[in-house]
Amino acid sequence: MDRRKAIKNLTLGLGYSIAIPSLIPIFNSCTAKDPDWQPVFLNDVQKLFVDYLSDIILPATDLPGALDLAIPQFIDKMMFNVVIAEDKEHLHKGWEIFEKAYQKKYQKESVEATKEECFELIKFYFNISKEREEYIFRLITLDIEEVPLSEMEVFLTYKFLITIRSFTLLGFYTSEYIGEQVLSYDPIPGKYEPCIPVSRIGNSWSL
């Protein structure tokens, strides 16, 4: 698995420039499931929601899920160590809008949130038309100065949510366990064998 390519593909759309060597300590320090981990960027309520969101995105099945792979810790450290100050501010503002949406919907404090409630709220944001989805992905690639004031809440909310989703996937696909136990594969077209008979090639061009 090419970790560098995965990092590049999953972060370009968010407008983040990442120095890959700076990620090595982050990968190495997020290897154990720990429900009592202490965040360095998120506050306690944000930590709760990041736990829920990452678990909703990548629940445990026959493979380890986000919580098993310490993805929330990874997200927290990515936001603290990698995201630039301006984008950190945008993420905090996006969180605040999302939190207010939760409080308005459920009429209670965010610290009382459940995973099921979080899932229902997430469906509101992501069960949208293809046209709306394409518009939002174009919107969040804009510099904040280019965002119309009428769309600022949309921009900030989805910047937060899509960053969580992207960092969740990045942490999953670049984790040591997934790379070694799940994504290992035989190279295509295979190892080099010189001077093999044509008869051994068979139908290698067929799909």
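Our subject is the structure listed above.
Residues numbered from 1 in each chain as written. Predicted model: local features only at pLDDT ≥ 70, side-chain atom pairs only at ≥ 80, totals over all residues. Heavy atoms only, no water.

Student: Which residues make up unusual backbone geometry, and what are the values?
Tutor: Of note in the backbone geometry, Ala 70 takes a positive phi value of approximately 60° without being a glycine. With respect to the secondary-structure elements, Ala 70 resides in the loop between helix H3 (44–57) and helix H4 (71–81). Given a relative accessible area of 0%, Ala 70 falls into the buried group. If you check the backbone angles, Gln 107 has positive phi at about 55° while not being a glycine. Take Gln 107: its relative accessible area is 66%, and that puts it in the exposed class. (Helix = DSSP H or I, 4+ residues; strand = E, 2+ residues; numbered from the N terminus. Buried < 20%, exposed > 50% of the residue type's maximum accessible area, 1.4 Å probe, protein only.)

Student: Could you give an account of the pattern of salt bridges, naming the residues involved and the relevant values?
Tutor: Inspection of the entire model under this criterion finds six salt bridges. Between Asp 55 and Lys 115 there is a salt bridge; the shortest N-O distance is 2.6 Å. With Asp 55 in helix H3 and Lys 115 in helix H6 (residues 115–126), this residue pair connects regions lying 60 residues apart in the sequence. Of the residues examined, Asp 55 reaches a relative accessible area of 14% and is grouped as buried. The salt bridge involving Lys 93 is made with Glu 89; its shortest N-O contact spans 3.2 Å. Of this pair, Lys 93 and Glu 89 both sit in helix H5 (residues 85–106), separated by four residues, roughly a single helical turn. The exposure class of Glu 89 is partly exposed, given its relative accessible area of 43%. (Salt bridge = Lys/Arg side-chain N within 4 Å of Asp/Glu carboxyl O.)

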